[in-house]
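Spelled out, the chains give:
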Amino acid sequence: MQDMFKYAIARKPGTNFGDGLTTSELGAPDFKRMTVQHDAYVSTLEELGLKVFVLEPELAFPDAHFVEDAAVVTPDIAVITNPGAAARQGEQKTIEPVLADFRPIDHIEPPGTLDGGDVLMVGAHFFIGISERTNPEGAEQLGNILARFGNTWTAVDVGRGLHLKSGVNYAGGDTLLLTEAFSRMDVFAGYAKIVLDPNETYAGNSLWINDHLIMPQGFPDTLAKLERLGLPVHVLDMSEVQKMDGGLTCLSLRF
Ligand code: CIR
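Residues numbered from 1 in each chain as written. Predicted model: local features only at pLDDT ≥ 70, side-chain atom pairs only at ≥ 80, totals over all residues. Heavy atoms only, no water.

*Asks:* Where do I start with the overall build of the protein chain in this structure?
*Replies:* Of the regular secondary structure elements, the protein chain holds six helices and 15 strands. Rg of the C-alpha trace for the protein chain: 17 Å, near the compact-globule value of 18 Å for 255 residues, within the 12% margin. Dimensions of the protein chain along its principal axes, counting C-alpha atoms only, are 45 × 40 × 35 Å. At a minimum sequence separation of 6, the contacts of the protein chain that also span at least 24 residues come to 69%. About 10700 Å² of surface is accessible on the protein chain, with carbon and sulfur atoms providing 52% of the total. Of the charged side chains in the protein chain, 19 are positive and 35 negative; the average position of the first set lies 2 Å away from that of the second. (Helix = DSSP H or I, 4+ residues; strand = E, 2+ residues; numbered from the N terminus. Rg over C-alpha atoms; globule rule 2.2 N^0.38 Å. Contact = heavy atoms within 4.5 Å. Areas by Shrake-Rupley, 256 points an atom, 1.4 Å probe, with all protein chains shown as cover. Lys, Arg positive; Asp, Glu negative; His and termini not counted. Charge placed at Lys NZ, Arg CZ, Asp CG, Glu CD.)

Structure follows, in structure tokens:
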């Protein structure tokens, strides 16, 4: 259902990454450990066959290694977002020249706001979360751009979570990995579903790459469920990323 990915863009975390936005109460993150986790993430994408472009840190933006939020890349176009958090305004300008080498560019314009973490691509269909970061105007702008290329889209109310992809992700074939709350929504009818144990919702931010799955360490129930799908599962320690409200999808743009 999903096209295979050839490339990924990631960005090294800056020494001040702990100054980024967070709501988690997991304690202060450790830069050394974060660097080890980020390196392991990049190596895993490379082992799965992607050519990964790793950008240098942007110290002016402590959340800038969460590159997923600054753009939405499809087989046809790269849409530069208008991030919904004031502190992240400007990150998108650092990503645009990188993506311009690969795709035609379009933009989300104010008053629309949109974070890439709210956009889930499942083949030619896109789910666009309405959240604290993405407003209906931003979702509609993106939907209209995607429709120009024959894509379809539906809006999804994210409710209390940070981003849509904090709680629902593609798991290969016609399967979604999602929280109980998302699993009950009509917009996801028609997909096979792996529903997360309520104690393991962080594992909802797992990442499909070319018929492999990458998931965070420490979620045995989700690991067992994903292994039953028959795809190889790679487990990564994401402790320092989680402390800053990030996950596996946030750390790269894949296309
Ligand atoms: C933020 O709050 O914006 C960052 N600390 C975390 C962003 C995570 N990005 C994502 O889920 N796509």
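*Asks:* Which parts of the structure should I look at to understand the sheet that holds strand β4 (residues 78-80)?
*Replies:* Within a beta sheet, neighbouring strands are joined by backbone hydrogen bonds and run either parallel or antiparallel to one another. The strand order across the open sheet built from three strands is β3-β4-β5, with neighbouring strands paired in mixed fashion. Each edge of the open sheet is held by one strand with a lone partner, namely β3 (71-73) and β5 (105-107). Averaged over all adjacent pairs, the angle separating strand axes in this sheet is 20°, with direction ignored. Relative to β5, β4 is paired through three bridges, and the arrangement is parallel. Opposite V79, over in β5, you have D106 as the bridge partner. On top of the sheet, helix α2 (residues 91-99) reaches β3, β4 and β5; it is set at about 160° to β4, its chief contact. (Pairing = 2+ DSSP bridges. Axes fitted to C-alpha atoms, helices over the stretch in contact; angles between N-to-C directions.)

*Asks:* I tried to follow the site of the ligand on my own but got confused; where do I start?
*Replies:* As a matter of local geometry, the ligand sits amid 13 residues, with L21, R88, R133, M244 and C250 nearest to it. Here a nitrogen atom of the ligand and a side-chain polar atom of D63 are 2.9 Å apart. In this structure, an oxygen atom belonging to the ligand sits 3.0 Å away from a side-chain N or O atom of H163. For the ligand, whose accessible area on its own is 350 Å², the fraction buried by protein is 98%. (Near = heavy atom within 4 Å. Polar contact = N/O pair within 3.5 Å; in protein donor to acceptor, adjacent residues only side chain to side chain.)

*Asks:* Can you walk me through the side chain of T81 in this structure?
*Replies:* Within the fold, T81 resides in the loop between β4 and α2. A distance of 2.8 Å separates the side chain of T81 from the backbone oxygen of D69, its partner in a polar contact.

*Asks:* Got a minute to help me understand the packing of aromatic side chains in this structure?
*Replies:* Aromatic rings in a pair are described by how distant their centres are and how their planes are angled relative to each other. One pass over the structure, following the stated rule, counts twelve aromatic pairs. Here Y202 and F219 contribute two aromatic rings whose centre-to-centre distance is 5.9 Å and whose plane-to-plane angle is 40°, an arrangement assigned as tilted. One end of the pair, Y202, is in the loop between β11 (192-195) and β12 (207-209); the other, F219, is in the loop between β13 (212-216) and α5 (220-227), with 17 residues separating them in the sequence. Look at F219 and you get buried, because its relative accessible area is 14%. An aromatic cluster of at least three residues, connected via ring pairs, comprises Y7, F53, F102 and F255. Positioned over the ring face of F53 is K51, at 5.0 Å from the centre of the ring. (Phe/Tyr/Trp six-rings, centres within 6.5 Å; stacked < 30°, edge-to-face > 60°. Buried < 20%, exposed > 50% of the residue type's maximum accessible area, 1.4 Å probe, protein only. Lys NZ or Arg CZ within 6 Å of the ring centre and 35° of its normal.)

*Asks:* How should I be thinking about unusual backbone geometry in this particular structure?
*Replies:* What is expected of a backbone is that most residues other than glycine have negative phi and most peptide bonds are trans. Looking along the chain, the bond that leaves P110 and enters P111 is cis, with omega of 10°. Looking at where P111 falls in the secondary structure, it is placed in the loop between β5 and β6 (119-122). At N210, a position not held by glycine, the phi torsion is positive, near 50°. Within the secondary structure, N210 is located in the loop between β12 and β13. For N210, a relative accessible area of 15% puts it in the buried group. Not every positive phi belongs to a glycine, and D245 is a case in point at roughly 65°. Its location among the elements puts D245 in the loop between α6 (239-242) and β15 (253-254).

*Asks:* I would appreciate a short explanation of the nonpolar core in the present structure.
*Replies:* One broad rule of soluble globular proteins: the nonpolar side chains tend to lie buried together. Residues L45, L142 and L176 are the most contacted members of the largest nonpolar core, which totals 59 residues. Residues in contact with L176, not counting those within four places in the same chain, are L120, V122, V168, N169, Y170, A171, F188, Y191, A192, K193 and I194. (Core = buried A, V, L, I, M, F, W, Y, C linked by side-chain atoms within 4.5 Å.)

*Asks:* Explain the pairing of β6 to me, please; I cannot follow it from the model alone.
*Replies:* Walk down a regular strand and you will see the side chains alternate between the two sheet faces. Every second residue of β6 is oriented toward a common face, with V119 and M121 on one face and L120 and V122 on the other, all of them buried. In textbook terms, the turn of a hairpin is the stretch between consecutive antiparallel strands, and for β6 and strand β7 (residues 125-130) this stretch comprises two residues, one of which, G123, has a positive phi near 60°.

*Asks:* Honestly, the pairing of strand β8 (residues 152-157) in this entry has me stumped. Any pointers?
*Replies:* Relative to β8, β7 runs parallel, the two sharing six bridges. By the bridge assignment for β8, I130 is matched with D157. With helix α3 (residues 136-147) bridging β7 and its parallel neighbour β8, the resulting β-α-β unit is right-handed. (Right-handed = clockwise from strand over helix to strand, strands pointing away.)

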